Amino acid sequence: MESAWATGRPQDVTYQLRFLPTEEFSLGGLYGFGGPLYKHSCIDARSDPPSEFLVRDVRAVLTTDSLVIISGTMEAIDTMSILARKVSPSVQREAIPLREVTDAAFRVTGDTGLIELRCARPSPTCYTRLPVALADSITGHAFVAHLLSSARQHQTAKGDWT
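The rules behind the values
Residues numbered from 1 in each chain as written. Predicted model: local features only at pLDDT ≥ 70, side-chain atom pairs only at ≥ 80, totals over all residues. Heavy atoms only, no water. 1 Å grid on protein atoms, 1.4 Å probe; cavity = no way out; pocket = protein on both sides within 12 Å on 5 of 7 lines; lining within 4 Å. Points joined across faces, edges and corners; volume = space filled by probe spheres on them. Helix = DSSP H or I, 4+ residues; strand = E, 2+ residues; numbered from the N terminus. Nonpolar A, V, L, I, M, F, W, Y, C, P; charged D, E, K, R; others polar. Pairing = 2+ DSSP bridges. Axes fitted to C-alpha atoms, helices over the stretch in contact; angles between N-to-C directions. Buried < 20%, exposed > 50% of the residue type's maximum accessible area, 1.4 Å probe, protein only. Polar contact = N/O pair within 3.5 Å; in protein donor to acceptor, adjacent residues only side chain to side chain. Contact = heavy atoms within 4.5 Å. Salt bridge = Lys/Arg side-chain N within 4 Å of Asp/Glu carboxyl O.

### Things to note about the layout of surface pockets
Part 1 of the reasoning: Its volume calculated, the largest pocket comes out at about 230 Å³.
Part 2 of the reasoning: Every residue lining the largest pocket is counted, 14 residues in all, and those nearest its centre are Arg56, Val58, Ile69, Ser71 and Leu130.
Part 3 of the reasoning: Looking at the lining of the largest pocket, the elements that each hand over two or more residues are strand S3 (52–63), strand S4 (66–77), strand S5 (90–97) and strand S8 (129–133).
Part 4 of the reasoning: Class assignment for the residues of the lining of the largest pocket results in 6 nonpolar, 5 polar and 3 charged.

Okay, here's the thing in C-alpha cells:
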C-alpha cells in the first residue's frame, strides 16, 4: 500500500492526513483431514465461499489549489494461492478544487473522529464522513483548520466567498 500511496501522491503537498484504514477478511472453504466432504480448502478457488481479504487505505492531501482524496485498495480471493501474490493495489484519486469547498468540520462520534466536507457542487466525497482515529484527533482538527483557511483564501482571491 505504501508504494501505491507514493505513486498517487501529488508533488505539491502542503498538508496531509491518513484516515482509518479498513480491513476485512473472511475465511471460506471447507476444512478437514480428508474424505469427499473436505476436498475443498481455503486455498481452493472453487471453494464456496472462498477466502478473501480487502484492505482500504484513504488519505487526504492538501495541495496549493486542491483537496485530493487518494484511496488505495488491495484485495485477493483465496489468500493462500499463488495468484494472490500477484494482486497489486489499485489507486483512485479525486481532486476537489479548494474554491469548491464550502465547509469542513471535525466531530467525534463514539470512538471515532469524523471529518465532514461540504462542497459547492455535489460530490460523493464531499458528502461522506471520513473516519479518523481518535489518537489522530489533534491532527484531524489541524487538517480541517488548514483546509478551511486555504479554501477561504482561494475563494477570496477569486471573489467567490460570501
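The rest of the description comes next.
### Some points on the sheet that holds strand S7 (residues 112–119)
Part 1 of the reasoning: Strand order in the open sheet formed by 3 strands is S6-S7-S8, and the pairing between neighbours is antiparallel. The open sheet has two edge strands with one neighbour each: strand S6 (101–109) and S8. Between one strand and the next, the sheet's axes are offset by a mean angle of 25 degrees, whatever the strand orientation.
Part 2 of the reasoning: The pairing of S6 with S7 spans 8 bridges and is antiparallel. Along S7, the bridge assignment pairs Ala104 with Leu117.

### Describing the environment of Pro131
Part 1 of the reasoning: With respect to the helices, strands and loops of the structure, Pro131 is situated in strand S8.
Part 2 of the reasoning: Residue classification places Pro131 among the partly exposed positions, given a relative accessible area of 28%.
Part 3 of the reasoning: Separated by 113 residues in sequence, Pro131 and Arg18 have C-alpha atoms that sit 9.2 Å apart.

### Details of the side chain of Ser66
Part 1 of the reasoning: Within the element layout of this structure, Ser66 appears in strand S4.
Part 2 of the reasoning: A relative accessible area of 13% means that Ser66 is categorised as buried.
Part 3 of the reasoning: A distance of 3.2 Å separates polar atoms of two side chains, one belonging to Ser66 and the other to Asp65.
Part 4 of the reasoning: In contact with Ser66, other than residues within four places in its own chain, are Val61, Ile96, Pro97 and Leu98.

### Here's the deal with the pattern of salt bridges
Part 1 of the reasoning: According to the stated counting rule, one finds 5 salt bridges in the structure shown.
Part 2 of the reasoning: Between Glu116 and Arg107 there is a salt bridge whose closest N-O contact spans 2.9 Å.
Part 3 of the reasoning: A relative accessible area of 41% places Arg107 in the partly exposed class.
Part 4 of the reasoning: What you see here is one network of salt bridges that share partners, running through Arg18, Asp57 and Arg59.

### Considering the side chain of Gln155
Part 1 of the reasoning: Residue position: Gln155 is located in helix H2 (residues 137–158).
Part 2 of the reasoning: Here the side chain of Gln155 touches Val101 through a polar contact of 2.6 Å, landing on its backbone oxygen.

Everything listed is a geometric property; what it means functionally is a separate question.
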